[in-house]
Amino acid sequence: MRTAVLLLLAEEPMHGYQLMQTITERTGSRWRPSPGAIYPTLSQLEDEGLVATEKSGGRKLASLTEAGRTHVEENSSSWTDPFPAAAHSVDDEVIDLRELGHGLMGALREVARTGTDSQVREAATLLEEARRCLYTILAGPSAASQSTQTDPPAGPEAGPDAAEGGAAGETGTARGASADESPSAQS
């Protein structure tokens, strides 16, 4: 949040709502900061002497101080881009992780509401495995190769029960292809 705010204020003074809108636009709605994230960040930057605010038209307009401009000029080249281009699928469609997450939460609510004890346990195991896999992805290629060396195989080679959701299939689609992909697509 801090990097995004500093970089945007280096372009022009903005009020909090404008910062939220600009971040949302620049990230293709993948990141929608709330007032609870923007305003404490502005306050922190103001306390550090990097940002000054002034009332303008009933709103507080934030701008970089001279120290803030110097800080951005000296450090921005080492900052990670807070507005990266969206990831695309093989079909060059934007991958919307937020929408995929909402779909997952819907399925999770349904399992919690109507699933048997066994189904709930299986879902919990799958969610824990998915969480670990996501952090492995963030850790980078070397961590991913170490993970695949110690993890049991998943996907069609996991056994005939994989499609039925049996024990062999508990993590089959978490690390393999999605359930609707053919085995040849996974190779």
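Note that the structure is predicted; figures quoted are calculated from it, not measured.

1. Things to note about the packing of aromatic side chains
So, point 1. Applying the stated criterion across every chain yields a total of zero aromatic pairs.
So, point 2. Lying over the aromatic face of F83, R26 brings its terminal NZ or CZ to 5.6 Å of the ring centre.

2. What to know about the packing of helix α5 (residues 97-114) against helix α6 (residues 117-139)
So, point 1. The contact between α5 and α6 brings their axes to 9 Å, and the two run at 150°. In terms of orientation, α5 and α6 fall into the roughly antiparallel class. Here the hand of the crossing between α5 and α6 comes out left-handed. Contacts between α5 and α6 involve L104, L108, V111 and T114 from the first element and Q119, V120, A123 and L127 from the second.
So, point 2. Class assignment of the residues belonging to the contact of α5 with α6 gives a composition of six nonpolar, two polar and no charged.

3. Some points on the environment of S76
So, point 1. Relative to the assigned elements, S76 resides in the loop between α4 (66-75) and α5.
So, point 2. Spatially, the C-alpha atoms of S76 and L6 are 9.0 Å apart, while their sequence positions differ by 70 residues.

4. Things to note about helix α2 (residues 16-26)
For an α-helix, 3.6 residues make a turn, and residues three or four places apart therefore share a direction.
So, point 1. Along α2, the residues that are buried comprise G16, L19, M20, T22, I23 and T24.
So, point 2. Buried residues in α2 make contact with α1 (2-11), β1 (14-15), α3 (35-47) and β3 (59-64).

The rules we used
- Residues numbered from 1 in each chain as written.
- Predicted model: local features only at pLDDT ≥ 70, side-chain atom pairs only at ≥ 80, totals over all residues.
- Heavy atoms only, no water.
- Phe/Tyr/Trp six-rings, centres within 6.5 Å; stacked < 30°, edge-to-face > 60°.
- Lys NZ or Arg CZ within 6 Å of the ring centre and 35° of its normal.
- Axes fitted to C-alpha atoms, helices over the stretch in contact; angles between N-to-C directions.
- Helix = DSSP H or I, 4+ residues; strand = E, 2+ residues; numbered from the N terminus.
- Parallel < 35°, antiparallel > 145°, perpendicular 65-115°, else oblique.
- Left-handed = near helix turned anticlockwise from the far one by under 90°.
- Contact = heavy atoms within 4.5 Å.
- Nonpolar A, V, L, I, M, F, W, Y, C, P; charged D, E, K, R; others polar.
- Buried < 20%, exposed > 50% of the residue type's maximum accessible area, 1.4 Å probe, protein only.

From the geometry alone we can't say anything about function, so treat these as descriptive.
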